[in-house]
Structures are given as structure tokens and as C-alpha cells.
Amino acid sequence: MTEATTVRQSLLGRWFPTRYLYLRDGDDVRAWALTPGKQALGTLGALVLGSWFIVASGGFAFDLVMQSQADRTVARARAASERLNADLQARLDSAVVRMTATTGSLDEMAQMVERRHAALTQVMGMFHGVDGAQTALAPAAPLNPSDHSPVERLVAVRLDQERLIDRAESVAHTRAERLRLAFRLAGLNPAAYAPRSGQGLGGPLVEASDPRALAAVLDVDEGFAVRIRRAADNLSDMRTLADAAEGMPFRRPTQARTTSGFGARFDPFNRRPALHQGQDFAAPLNSPIVAPAPGIVSFVGVRSGYGNTVEIDHGRGFKTRYAHLNSMAVRPGQRVALGQRIGAMGTTGRSTGVHLHYEVWMNGRPQNPARFMRAGDQLVQQD
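For clarity, every value in this text was computed on a predicted model and none was experimentally measured.

1. Brief notes about the overall build of the protein chain
- Counting its regular elements, the protein chain contains eight helices and 15 strands.
- Counting only residues that meet the buried cut, the protein chain has 36% of its 383 residues in that class.
- Sequence-distant contacts in the protein chain: of pairs separated by 6 or more residues, those separated by 24 or more amount to 66%.
- A total accessible area of about 21700 Å² is found for the protein chain, and carbon and sulfur atoms account for 55% of it.

2. Topic: the sheet that holds strand β7 (residues 288-290)
- Read across the open sheet, the three strands follow the order β7-β13-β11; overall the sheet is antiparallel. The sheet terminates laterally at β7 and β11 (325-328), the two strands that pair on one side only. Between one strand and the next, the sheet's axes are offset by a mean angle of 35 degrees, whatever the strand orientation.
- As defined by bridge partners, β7 adjoins strand β13 (residues 341-345) across three bridges and the pair is classed as antiparallel. The residue of β13 that forms the bridge with Ile 289 is Gly 343.

3. Considering the nonpolar core
- In terms of nonpolar packing, the biggest core is built from 41 residues, with Phe 183, Leu 188, Phe 250, Tyr 322 and Ile 342 touching the most fellow members.
- Contributions of two or more residues to this core are made by α5 (150-185), α7 (222-246), β9 (307-315), β10 (318-323), β13, β14 (356-362) and α8 (369-382).
- At seven residues, α5 tops the list of elements feeding residues into this core.

4. So, a nonpolar patch on the surface
- A contiguous nonpolar patch, built from Leu 41, Leu 44 and Val 48 and spanning about 300 Å² of accessible area, is present on the exposed surface.
- Along the chain, Val 48 falls in helix α2 (residues 36-101).
- Look at Val 48 and you get partly exposed, because its relative accessible area is 43%.

5. Points about the packing of aromatic side chains
- Taken as a whole, this structure holds six aromatic pairs when the rule is applied.
- Ring geometry for Phe 183 and Phe 250: centres 5.7 Å apart, planes at 85 degrees, overall edge-to-face. Taken together, the positions of Phe 183 in helix α5 and Phe 250 in the loop between α7 and β3 (257-260) put the pair 67 residues apart, joining distant regions of the chain.
- Given the relative accessible area of 0%, Phe 183 is considered buried.
- Judged by its relative accessible area of 1%, Phe 250 falls in the buried class.
- Among the aromatic residues, those joined into a ring-pair cluster are Phe 183, Tyr 193, Phe 250, Phe 318 and Phe 372.
- In this structure, Lys 319 is placed above the aromatic ring of Trp 361, and the distance from its NZ or CZ to the ring centre is 5.4 Å.
- Geometry around Tyr 306 places Arg 321 over its ring, the cationic atom sitting 4.9 Å from the centre.

Criteria and thresholds
Residues numbered from 1 in each chain as written. Predicted model: local features only at pLDDT ≥ 70, side-chain atom pairs only at ≥ 80, totals over all residues. Heavy atoms only, no water. Helix = DSSP H or I, 4+ residues; strand = E, 2+ residues; numbered from the N terminus. Buried < 20%, exposed > 50% of the residue type's maximum accessible area, 1.4 Å probe, protein only. Contact = heavy atoms within 4.5 Å. Areas by Shrake-Rupley, 256 points an atom, 1.4 Å probe, with all protein chains shown as cover. Pairing = 2+ DSSP bridges. Axes fitted to C-alpha atoms, helices over the stretch in contact; angles between N-to-C directions. Core = buried A, V, L, I, M, F, W, Y, C linked by side-chain atoms within 4.5 Å. Patch = residues over 30% accessible without salt bridge, like charges linked within 9 Å, V, L, I, M, F, W, Y side chains within 5 Å. Salt bridge = Lys/Arg side-chain N within 4 Å of Asp/Glu carboxyl O. Phe/Tyr/Trp six-rings, centres within 6.5 Å; stacked < 30°, edge-to-face > 60°. Lys NZ or Arg CZ within 6 Å of the ring centre and 35° of its normal.

Given below as C-alpha cells:
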């Protein structure tokens with residue numbers, strides 16, 4: 001026995017001296033010796049198990065924090081909307097007082113209303129195709145000329161313009177914020193998918209930092225131009241994020257119940273701690289599996305441990321994988337649409353029962369599918 005071995009055994013014996021465990025049954029006494037090696041092995045196992053529980057608890061706590069942040073973001077957006085409505089009412093009341101007391105000519109008022117109307121027409125045209133925008137931004141019915149004076153009718157039109165531009169700001173801001181929230185829930189930076197272009201409206205490029213230039217281009221007052229800019233910027237962000245979201249795996253591949261999540265868990269075969277790189281869903285044999293986003297099928301076949309497998313490339317660095325399938329309904333190179341059936345649930349490969357093993361990859365790294373599905377649930381609520 002070498003000197004180094006003797007030193008290691010001496011240190012091991014110092015930390016874990018031999019202990020004995022006695023079990024008495026009547027007059028029969030049995031003894032077991034707990035050697036330093038056995039004690040060290042048991043301590044190591046306890047440390048590994050404790051570390052796994054810490055990692056798993058940390059992941060669960062992180063998901064709770066993300067959900068709490070999402071709830072706070074929604075609450076802040078609701079409070080901001082209420083403040084905006086209160087500010088609008090105050091401005092409308094003030095406008096009524098000013099325009100009722102004005103000594104300006106009807107021609108000047110009419111020209112101002114016409115210029116604002118032209119600017120509003122450009123903004124409302126940008127909302128074409130946005131679900132619900134046509135109803136939300138519908139102008140009020142004009143006053144009856146026989147019952148109201150020209151001044152009253154002009155005041156009513158201007159107040160309706162105030163209402164429309166505020167409503168346009170609110171609709172664009174609310175929808176853009178909901179999309180940003182969905183991206184954050186998925187662990188993505190929304191700014192990376194909706195960069196500001198700095199472009200102006202309707203022709204010349206006008207910097208957002210110079211409202212006077214935009215006011216001159218649109219031939220409206222500066223305050224109205226600033227509000228048009230805000231509505232246009234939020235609408236641009238909303239459209240860019242919505243386009244990006246359509247190509248990302250935010251929807252669910254199946255409505256089946258979840259049986260195992262992403263992260264550390266005990267392997268069902270060897271009962272040892274292991275990283276689970278996806279999310280499992282359980283349902284009856286041959287339950288349909290659908291694409292959570294448009295994409296191109298990059299692999300169809302058998303992978304070691306995964307059994308029958310389908311993989312879809314969604315672009316922007318995103319890929320999804322569907323394993324243990326009983327049958328596959330697509331072929332490599334095929335383009336699939338959102339919700340298209342790609343296979344049926346099974347138990348092929350390294351599987352203990354009928355289920356779908358679902359993975360989401362971004363730039364070559366596995367992601368937690370639950371975050372992407374939470375983002376999809378947020379988008380469904382918005383729709």
C-alpha cells in the first residue's frame with residue numbers, strides 16, 4: 001500500500017470513522033459495520049440529491065417569478081389605460097370650453113378640422129387589416145344640422161377627432177404591449193424582433209425627436225403630430241412583432257395533459273438524476289400531433305432513444321422536435337402550416353408509455369417549451 005493511499009484512508013477515517021448499527025430481535029443481536037467508504041458514498045449521494053432538488057426548485061421559482069412579472073405588467077398596462085382615459089376626458093372638457101369661448105372665424109376652425117382630418121386619415125389607413133380596429137376607430141355620427149349650429153358641429157367633429165387619435169394610440173399601444181409581454185414570457189427580447197426604423201409617415205423621413213418637422217409635414221398642430229407619431233410607432237411595433245410571432249412555436253402541439261416538464265428529473269429507466277430537454281404530454285394512442293408554427297420539415301425518421309421522430313425548422317434559429325410517435329404524416333422538405341397534423345402519439349423508442357416528447361430549440365440550445373406555450377396562451381387571449 002502506497003503512502004498516498006495510506007494518507008487518503010487516514011483522512012477518510014478521520015472524517016468518517018467506522019460506526020456500527022445493531023439490531024436486536026429477542027436474544028439474537030445483529031451488527032452492521034458502516035465503514036468510512038460506505039459513509040463517504042452515502043454522503044456523496046445525499047449531496048447529489050440535494051443539488052438536484054436545489055436546481056429543480058430554482059427552476060420552479062424562476063417560472064413563478066416570470067409569471068408574477070407578467071401579471072404586474074398587465075396591471076401596469078391597465079392602470080396606464082385608465083389614466084389615459086381620464087386625461088382624454090379632461091382634454092375634451094377643456095376643448096369644449098376653449099372652442100365655445102373662441103372669437104376666431106368659422107373658416108379658421110374649419111381649416112384646422114380639415115387638416116386634422118387629413119392627418120387622421122393617414123393614421124387610420126395604417127390600421128387596415130388589424131382585427132377589431134374598424135369597430136374601435138369608427139367615427140361618431142355627425143350632428144343634425146337642423147338641431148345644431150355650425151360652431152356646435154365643428155366642436156363635435158374636433159372632439160371626435162380627439163377621441164379617435166386617443167383611441168388609435170390606445171389600441172396600438174395595448175396590442176404592442178401584449179405582444180411584448182408574450183415575447184418576454186418566452187424568454188425573448190421583443191426589441192430584437194421589432195427594431196425602430198425611425199421612418200416618418202407618408203413620404204418624407206421625419207425623426208421622432210422633432211415633432212415640429214412632423215407637424216409641418218402633416219400641416220397640423222405640434223401636439224396632434226406627437227400623438228400621431230406615438231400611435232404610428234406602436235402600430236409599427238405591433239405589426240412587426242405580430243409578423244415575427246406568426247413564425248415562432250408559440251402554440252401547443254397537442255391539447256393533452258402534461259406529465260413531465262423541462263429540467264432535472266429522475267430518469268424513468270435507471271432512476272438517476274438527468275436533464276429532461278423537453279416536455280411530455282400523455283394521451284391515448286394515435287392522438288394527433290400538430291405543428292405549433294409554420295415551418296419546413298427537416299427530419300423524419302428514427303433517432304436513438306427518441307423512436308419515430310419529426311423535426312421542423314421554423315426559421316430565425318427555432319426548431320421543434322416530436323418524439324415517440326406511432327406514425328408520421330409528413331416528409332422531409334415539406335412545408336407545414338400552423339395547426340397542420342404531422343403525426344400521431346405513440347410509444348416508440350426509449351418510452352415507458354404512450355406520450356409525446358416535445359422539444360423547442362433556439363440557436364442550437366434546448367429551451368423550456370412551457371414558456372413558449374405560455375406566450376401562445378397570451379396571444380390567444382389577445383385575439
